[in-house]
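Tertiary structure, described
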Amino acid sequence: MKSFARFSSSVRAARRPPSPRFPPNRALDLCAPSGVDFTAGGTVVARRPRVTAVRTFHHAPVAAAAVQRASAAPLPAPVAPPVTTEAEPNVYRFGARPTAAHLSPYAPYIRPQSSGAALVHLQTLMEGDVMPELCSGLAHFPGDERADGLATLLGACAEWGLEARSSPLVVRLINGCLELLSGGGVRVSPLCHLGEVARVLEGRQSALVTQVLASLCGAVREDGASPSEAVRIYSLLAQCHDPASRRHKVLLSALHRSTRRQVHRLNASQVSDVLQSLSQLQQRQAVSLVLRLSRRASQVLKAFSDAELTQVLSALMTLGHHSEELLSAVEEHLPGRLGKCDPELISTVVEYCLRAGRRSEPLFEAVAENFVDNAETHTSLQIAKQIVSMGRLNYLPQCSGEMFKKLESILSARFAQFRPRSLLEVLHACIHLERFPLNHMAKVFSPHFLQRLRAQGEPLDNKALGQLTQLHLSSSLECSCYWGPRLPFFLHVKNFSSVDHAFETPMESRLYNQVKGPLAEMLGGRFYNTRVFTRSGYTIDVEICLDEDGYVLPPSQWDHTYKRMALCLDGEKRFCSKTQHLLGKEATKRRHLRRMGYELVQIPFFEFEKLRTLEEQVQYLHDKIFPTILKFNH
């Protein structure tokens, strides 16, 4: 193994520019044969080089796109070597090195050295006598060492831009790999090494990648995989996965079982990498593994870097998992760290809280204070995520005055930098907190801004139109001092109900079934209507019609309605998770309904579900509804 071991590093040394600490002569010495003469004029006698140690390809990043560009570049004009006599050895001189972006597969490689040097041809180096001898020598090594050696040579070919189809050397190396893998017995780490190199050279559909994944499947099913090996296999699968392949499904299933058994051994970096790979593989069905990884993430939370924690939270959002244990750990350890952490982490954390419906007071207070101090360093998208999360979770921080002053100054200075949809999200979130952006409503309702919304390549969808409509309602119903432009009537939505429930949460059937019997008992009949649409677009759960004296009208006399009462049957989904705080959209809907003349009666699930008997339920509804009715008699 040591006879070919330093080949890759020697090639790399030949590419490295000279420096005072590593002179050119020393760089050449690393890959020079014994007996080679270096003259003072920079002339090198080219003989068979002595090969040095293997440099693992896994630690050297290879950009496939760069390799393809280099391979597609036109061949430069050939440079004729110096004329020699029969008694003279072949002599090549080193000149100026061309840029890597224009390096073609067989372009002469020129080492930066003194002027008047000659060219070393890449084809001579890679396909002369040296590489075939190395390939032949590898046949006598054990399977793991041979696999690592072949992967290293293939990695060198990839770095130099050789293509699998056009280079006999690469074809020979690939055939050697296939022959080795057919015999089995190769461990996981060399297999991953081969798979990573093969994907770069041939793509994920190559025969070598397929054979590597088949060998990995057998190895993982028999012996499992260590934490570091599991990380590499997940990473390789994320790049080569075929959802339709049965073999890939079997490998993933075996890898999930192996990783579940040793989640407690994963460090913070490995937890982050595995979750990222699972999100790329769209493994939503691996619920048990994701739960264990999330629990492990909460245990090693303090060891995560900002980038790793951002990656963990983003992956969990992609996988649709929200962990209370992880959120509790974030609440405990992150607030004191926010002043120094990456703004991207802050915006990701509040977005994760929003997805989980978690109204975290300590976390949002810390985010608001950090926003006041450092908002100028945040991007427009990061600012939007923070404001939108607070608005939709209906959380008004203690420093709200300073926070909204800072937001006002940022919007004034960077209005054009915000994408139209992000800006609309920010202004819409503000009205949930009863903060009305009057200085910017005129810009939002202008034809220019509406045109910008359409210019993003998509028509105005119902969500954007609904947000604009609610801004218009707030300016009309709650801001009597606003005299600016209004939203054109033809852009108003007629119904705020939507599939994603962006503006109102539908009534829960379970809670309605519990309430309707006691309500009819109290009213003396079914003197109410359900799921009533208002002219503004909102839906009322239960509507009771009253006459001028405050008496409940039967359905036959609803045309003579003087006053309307809206019963809000608030199920669990209308509140922030595990709290009694309404979501921002529900708070805004209630304010608008009151301004439109409705008398609102709230019947929350956490109060009504405590009542066990019919008498208790009827008395509860009586105490809720009749005080409101009696107001009309005075």
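Our subject is the structure listed above.
Because the structure is predicted, anything quoted here is derived from the model rather than measured.

Counting secondary structure elements, the protein chain contains 27 helices and 8 strands. The 634 residues of the protein chain split such that 52% are buried. If you take every contact in the protein chain between residues at least 6 apart in sequence, the share linking residues at least 24 apart comes to 71%. If you sum the accessible surface of the protein chain, you get close to 30,400 Å²; carbon and sulfur atoms cover 51% of it.

What follows concerns the packing of helix α24 (residues 509–523) against helix α27 (residues 614–630). At a minimum axis separation of 9 Å, α24 and α27 run at an interaxial angle of 70 degrees. Between α24 and α27, the angle falls in the class roughly perpendicular. Packed against α24, whose contacting residues are Q514, V515, P518, L519, E521 and M522, the element α27 presents L614, Q617, V618, L621, H622, I625 and F626 at the interface. Counted by class, the contact of α24 with α27 contains 9 nonpolar, 3 polar and 1 charged residues.

On inspection of all chains with the given rule, the structure shows 21 salt bridges. Note that R337 and D306 form a salt bridge whose closest N and O atoms lie 2.8 Å from each other. Here D306 lies in helix α14 (residues 306–319) and R337 lies in the loop between α15 (324–333) and α16 (343–356), a separation of 31 residues in the sequence. Salt-bridge contacts for R590 lead to E586; the nearest nitrogen and oxygen are separated by 3.0 Å. With R590 and E586 both in helix α25 (residues 584–595) and 4 residues apart, the pair spans about one turn of that helix. For the pair R590 and E586, a shared accessibility class is recorded, and that class is buried.

Further remarks concern the side chain of E425. With respect to the secondary-structure elements, E425 resides in helix α20 (residues 420–432). At 2.3 Å, the side chain of E425 forms a polar contact with the side chain of R392. With residues up to four places along the chain from it excluded, the contact list for E425 reads V388, R392, K463 and Q467.

On to unusual backbone geometry. Not every positive phi belongs to a glycine, and R531 is a case in point at roughly 50 degrees. Position of R531 relative to the elements: it lies in strand β5 (residues 529–533). One non-glycine residue with positive phi stands out, namely K578, at about 60 degrees. When you line up the elements, K578 lands in the loop between β7 (563–570) and α25. Given the relative accessible area of 71%, K578 is considered exposed.

All right, on to the pairing of β5 then. Relative to strand β6 (residues 539–546), β5 runs antiparallel, the two being bridged by 4 bridges. What sits directly across from N529, in β6, is E543. The loop that links β5 with its antiparallel partner β6 comprises 5 residues; one of these, G537, has a positive phi angle of about 110 degrees.

Parameters at a glance
Residues numbered from 1 in each chain as written. Predicted model: local features only at pLDDT ≥ 70, side-chain atom pairs only at ≥ 80, totals over all residues. Heavy atoms only, no water. Helix = DSSP H or I, 4+ residues; strand = E, 2+ residues; numbered from the N terminus. Buried < 20%, exposed > 50% of the residue type's maximum accessible area, 1.4 Å probe, protein only. Contact = heavy atoms within 4.5 Å. Areas by Shrake-Rupley, 256 points an atom, 1.4 Å probe, with all protein chains shown as cover. Axes fitted to C-alpha atoms, helices over the stretch in contact; angles between N-to-C directions. Parallel < 35°, antiparallel > 145°, perpendicular 65-115°, else oblique. Nonpolar A, V, L, I, M, F, W, Y, C, P; charged D, E, K, R; others polar. Salt bridge = Lys/Arg side-chain N within 4 Å of Asp/Glu carboxyl O. Polar contact = N/O pair within 3.5 Å; in protein donor to acceptor, adjacent residues only side chain to side chain. Pairing = 2+ DSSP bridges.

None of the figures reported here should be taken as evidence of function without further support.
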